[in-house]
Amino acid sequence: QVQLVESGGGLVQAGGSLRLSCAASGRTFSSYAMAWFRQAPGKEREVVAAISWSGGGAYYADSVKGRFTISRDAAKNTVYLQMNSLKPEDTAVYYCAARYGSVVIRRYEYSYWGQGTQVTVSS
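Scoring rules and cut-offs
- All residue numbers here refer to positions counted from 1 along the written sequence of the relevant chain.
- Whole-chain, interface and lining totals are the exception, using all residues; otherwise, since this is a predicted model, local features are given only for residues with pLDDT of at least 70 and side-chain atom pairs are given and counted only at 80 or more.
- Hydrogens and water molecules were not included; the side-chain quantities draw on all heavy atoms of the structure.
- Definition used for salt bridges: Asp or Glu carboxyl oxygen within 4 Å of a side-chain nitrogen of Lys or Arg.
- For every residue, the accessible area (1.4 Å probe, protein chains only) is compared with the maximum for its type, and the residue is labelled buried under 20%, exposed over 50%, or partly exposed between those bounds.
- Two strands are said to pair when DSSP picks up at least two bridges between them.
- A run of DSSP states H or I qualifies as a helix once it reaches four residues; a run of E qualifies as a strand once it reaches two. Both are numbered from the N-terminal end.
- Lines are fitted to the C-alpha atoms to define the axes, a helix being fitted only along its stretch in contact, and any angle between axes, read from their N-to-C directions, falls within 0 to 180 degrees.

*Asks:* Before we go on, may I ask you to explain the pattern of salt bridges in this structure?
*Replies:* Opposite charge on two side chains allows them to pair when their charged atoms are near. According to the stated counting rule, one finds 7 salt bridges in the structure shown. Across the pair R106 and E109 runs a salt bridge whose closest N-O atoms are separated by 2.4 Å. Judged by relative accessible area, E109 falls into the partly exposed class, the value being 22%. Among the charged side chains, a salt-bridge network with shared partners connects R38, E46, R67 and D90.

Shown next as structure tokens:
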């Protein structure tokens, strides 16, 4: 049973930084792709960043390129999302997701999801 547990969300002022963590358990994740999605009120859930467990093939949405960095620590079975230069439009619930296979950006292709963590950026 795959479990994904996010942490690290909170309230931050515009221009600030947060680091989200996603602790993964229940599998050997070497052949998995991991992703961060976000969902703002009244909007669709959208991909933010994705990476293969090997660390290659990182993808970033245009809206976060140059500001966010996805990474993973295989020894800790944890995926991170470092968010810098945060903007009010980054406010959303952020979800960690996993799928067996290569990196993709369509949400329906991810089989496993965390419970989400709230990120609020004040102006």
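*Asks:* What is the right way to read the sheet that holds strand β8 (residues 78-83) from this model?
*Replies:* Within a sheet, adjacent strands bond to each other through the backbone by hydrogen bonds, running parallel or antiparallel. Across the sheet, 4 strands lie side by side as β1-β3-β8-β7; this open sheet has antiparallel pairing. Across the chains shown, the open sheet's two edge strands, defined by having one partner strand only, are β1 (3-7) and β7 (68-73). Strand-to-strand twist across the sheet, computed as the mean angle between neighbouring axes with direction ignored, equals 15°.

Just geometry here; none of it tells us what the structure is for.
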